[in-house]
Amino acid sequence: MKKMNYVFLCFLLWFGVANSQSRFEYSHQQMGTQIRLVFYAQIQQNPDSIAQLVFNRIDELNGVLSNYLPDSDLTRLSKTSKINVSVHDDLFNILQLSVQYGQKTHGAFDITMGPLIALWKTTRKTKVLPTTEQIQLAMKNTGSHNIHFPSLNVVSIQGDAMQLDFGGIGKGYAADEAIKLLQQNGISSAMVDMGGDITVSDPPADKDYWVVGFGYYNKEGKEIVQRIKLKNRAIATSGDLYQYVWVDGKRYSHIIDPKSGMALSNNIQVTTIAPNGSMADAYASAFSVGGQEKAGLIKNGNTAVEFFMVSDVPGNYQQLNSVGFEDFLLK
């Protein structure tokens, strides 16, 4: 299940110098998006070198987690027998996280959707719906319960046709690793924007929080920009504003329900706030799949996550948020 990169998360950043620290900003293209890095540091800390370390780390992660690169660690895992395979630290860690989030979201977040993703990608190209038989065949090769961890850095996956996809968590994981590396190099105030999914550490020394924003459309079709105050948190948005296809008069999203194998048609957008990027990323995907009817169940699986969602099925506009989400609104 690949997350939509809509996220109209605009930055409303405060610029300033505090305690002789200056603001530095850098950009980098990787993981299919433009990455923006902002942090505060003293010039003697050599900020350019630190930024390069961060981008090198993100490049390394792309080489591990990409399902497009033919020689990535993930691709190599997909080509093996998948039984008792020794894997890279990052691949092992993100697999464990993904299985945990899959369990806590009652299967709404699932990284094993590769066969179904491929099936619906074909539909978006041909505008021909997959058959029931094709969906059922693909679903036989999905399910995170097929992923096991016999020992440290060792993975066993049942099913030779299993194909993993980290589109719903990879960018959040990379942002978390970037923040961790910055802290290891003495940078305590930073923001990492992975193409709209944002993770921040401490705010600038003279401020109480970072300010970001996300956009959504109200019932009248007007775009609303809501400002959010964050520190040591992450925000992510998932939805199908752009990635969808019309077939026989019905709209089908790029987001797929793991339970049915069907692409969603509820025209939903979800924004989540969580303690870290991986969690925000994964739960944004899960809430998109679960929708309003399962929001409470998914939320109960992780009370540290807050959400805002809009569903705009023609003639039935709905808006919902968790109570805790309101604490992050800048009014």
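As a convention, each chain's residues are numbered from 1 in the sequence order in which they are written. Only residues with pLDDT of 70 or above have their local features reported here, since the model is predicted, and side-chain atom pairs are shown and tallied only from 80 upward, although totals for entire chains, interfaces and linings are computed over all residues. Here the side-chain values reflect all heavy atoms present in the structure, with hydrogen atoms and water set aside.

Visitor: Could you clarify how one ought to interpret the sheet that holds strand S2 (residues 33-41) in this entry?
Guide: Backbone-to-backbone hydrogen bonds join strands into a sheet, with any given pair of strands oriented parallel or antiparallel. By this definition, two strands are paired if DSSP reports at least two bridges between them. Strands here mean DSSP runs of E at least two residues long; helices mean DSSP runs of H or I at least four residues long; both are numbered from the N terminus. The 8 strands lie next to each other as S1-S2-S6-S7-S10-S13-S14-S15, forming an open sheet whose pairing is antiparallel. Looking at strand neighbours, the two that pair on one side only are strand S1 (22-30) and strand S15 (316-321), the edges of this open sheet. Across the sheet, the mean angle from the axis of one strand to that of its neighbour is 10°, orientation sign disregarded. Bridge count between S2 and strand S6 (residues 190-194): 5 bridges; the pairing is antiparallel. What sits directly across from Arg36, in S6, is Asp193. Against the sheet, helix H6 (residues 170-184) touches S2, S6 and strand S7 (197-200), its axis set at about 155° to S6. To obtain each axis, a line is fitted to C-alpha atoms, and for helices this fit is confined to the stretch in contact; angles are then taken between N-to-C directions over 0 to 180 degrees. Contacts are residue-level and defined by heavy atoms, with any inter-residue pair within 4.5 Å sufficient.

Visitor: What's the story with the side chain of Ser144 in this structure? I'm lost.
Guide: Turning to its location among the elements, Ser144 is positioned in the loop between helix H5 (132-139) and strand S4 (147-151). Note on classification: 1.4 Å probe, protein chains only; a residue is buried when its accessible area is under 20% of the maximum for its type, exposed when over 50%, partly exposed between these limits. Owing to a relative accessible area of 14%, Ser144 belongs among the buried residues under this scheme. Setting aside residues no more than four positions away along its own chain, Ser144 makes contact with Val99, Asp110 and Thr112.

Visitor: Which parts of the structure should I look at to understand H6?
Guide: Its 15 residues give H6 an end-to-end C-alpha distance of 21 Å, which sits within 8% of 21 Å, the value for a rise of 1.5 Å per residue. Among the 15 residues that make up H6, 12 are buried, leaving the element largely enclosed by the rest of the structure. Among the residues of H6, Gly170, Lys171, Gly172, Tyr173, Ala174, Ala175, Asp176, Glu177, Ala178, Ile179, Leu181 and Leu182 are the ones counted as buried. By this rule, a helix spans an expected 1.5 Å times one less than how many residues it contains.

Visitor: How should the packing of helix H1 (residues 47-65) against H6 be read in this particular structure?
Guide: A pair of packed helices is characterised by two quantities: the angle between their axes and the separation of those axes. For the pair H1 and H6, interaxial distance at closest approach is 10 Å and the crossing angle is 145°. Of the two possible hands of crossing, H1 and H6 adopt the one that is right-handed. Between H1 and H6, the residues in contact are Ile50, Leu53, Val54, Arg57, Leu61 and Leu65 and Tyr173, Ala174, Glu177, Ala178, Leu181 and Leu182, respectively. In the scheme used here, Gly and all other residues not listed as nonpolar or charged are polar, with Ala, Val, Leu, Ile, Met, Phe, Trp, Tyr, Cys and Pro taken as nonpolar and Asp, Glu, Lys and Arg as charged. A per-class count over the contact of H1 with H6 returns 10 nonpolar, no polar and 2 charged. Put simply, a crossing is left-handed when the front helix is turned counterclockwise from the back one by less than a right angle, and right-handed when it is turned clockwise.

Visitor: Explain the packing of aromatic side chains to me, please; I cannot follow it from the model alone.
Guide: Ring geometry is summarised as follows: Phe, Tyr and Trp rings, the Trp one being its six-membered ring, pair when their centres sit within 6.5 Å, and such pairs are stacked at plane angles under 30 degrees, edge-to-face over 60 and tilted between the two. For the structure shown, the criterion picks out 13 aromatic pairs. With 6.1 Å between their ring centres and 35° between their planes, Phe24 and Phe39 make a pair best called tilted. Residue Phe24 is located in strand S1, and its partner Phe39 is located in strand S2; the two are separated by 15 residues in the primary sequence. For the pair Phe24 and Phe39, one class covers both residues: buried. When the centroid spacing of 6.0 Å and the interplanar angle of 55° are considered together, the rings of Tyr40 and Trp210 count as tilted. Of this pair, Tyr40 sits in strand S2 while Trp210 is found in strand S8 (residues 210-217), placing the two residues 170 residues apart along the sequence. The exposure classification of Tyr40 matches that of Trp210, with both residues buried. Three or more aromatic residues joined by ring pairs form one cluster here, namely Tyr101, Tyr283, Phe287 and Phe307. Looking at Arg251, its charged tip hangs above the ring of Tyr244, at a distance of 3.7 Å from the centre. Placement of a charge over a ring requires the Lys NZ or Arg CZ to be within 6 Å of the ring centre, with the centre-to-atom vector within 35 degrees of the ring normal.

Visitor: I'm lost on the confidence of the model for the protein chain in this one. Help?
Guide: Per-residue confidence for the protein chain gives a mean pLDDT of 90; residues scoring 70 or more make up 94%. In predicted models, pLDDT denotes the confidence assigned by the predictor to each residue on a 0 to 100 scale. In this model, residues 1-18 is a region of pLDDT below 50 whose contacts with residues beyond four sequence positions or in other chains number 91 contacts.

Visitor: Hey, could you run me through the sheet that holds strand S5 (residues 154-157) in this one?
Guide: Spatially, 3 strands are ordered S3-S5-S4 in an open sheet, and the strand pairing comes out antiparallel. Of all strands in the sheet, those bounded by a partner on one side alone are strand S3 (85-86) and S4. Across 3 bridges, S4 lies against S5 in antiparallel orientation. In the sheet register, His148 faces S5, and the bridge partner there is Ser156. Helix H3 (residues 89-104) rests against S4 and S5 of the sheet, and its axis sits at about 130° to S4.

Visitor: Quick question: what am I supposed to make of the nonpolar core here?
Guide: For soluble globular proteins, the rule of thumb is that nonpolar side chains tend to be buried together. Ranked by internal contacts, the top residues of the largest apolar core, which has 66 residues, are Leu37, Phe39, Leu91, Leu95, Phe166, Leu182 and Phe287. If sequence neighbours within four positions are ignored, Phe39 has contacts with Ser22, Arg23, Phe24, Tyr26, Pro47, Ile50, Ala51, Leu182, Ile187, Ser189 and Ala190. Grouping buried Ala, Val, Leu, Ile, Met, Phe, Trp, Tyr and Cys residues that are joined through side-chain atoms within 4.5 Å yields what is termed a nonpolar core. If you look at the next biggest cluster of nonpolar residues, it comprises 19 residues, including Tyr40, Ile273, Phe308 and Val310.

Visitor: How do you make sense of the pairing of S8 when you look at a structure like this?
Guide: Every regular strand shows the same layout, with side chains that alternate between the two sheet faces. Taking burial as the measure, the 8 residues of S8 include 7 buried ones, the bulk of the element. Sheet topology places S8 next to strand S9 (residues 223-230); 8 bridges connect them, and they run antiparallel. In the sheet register, Tyr217 faces S9, and the bridge partner there is Glu223. Linking S8 to S9, which pair antiparallel, is a turn of 5 residues; within it Gly221 sits at a positive phi near 85°.

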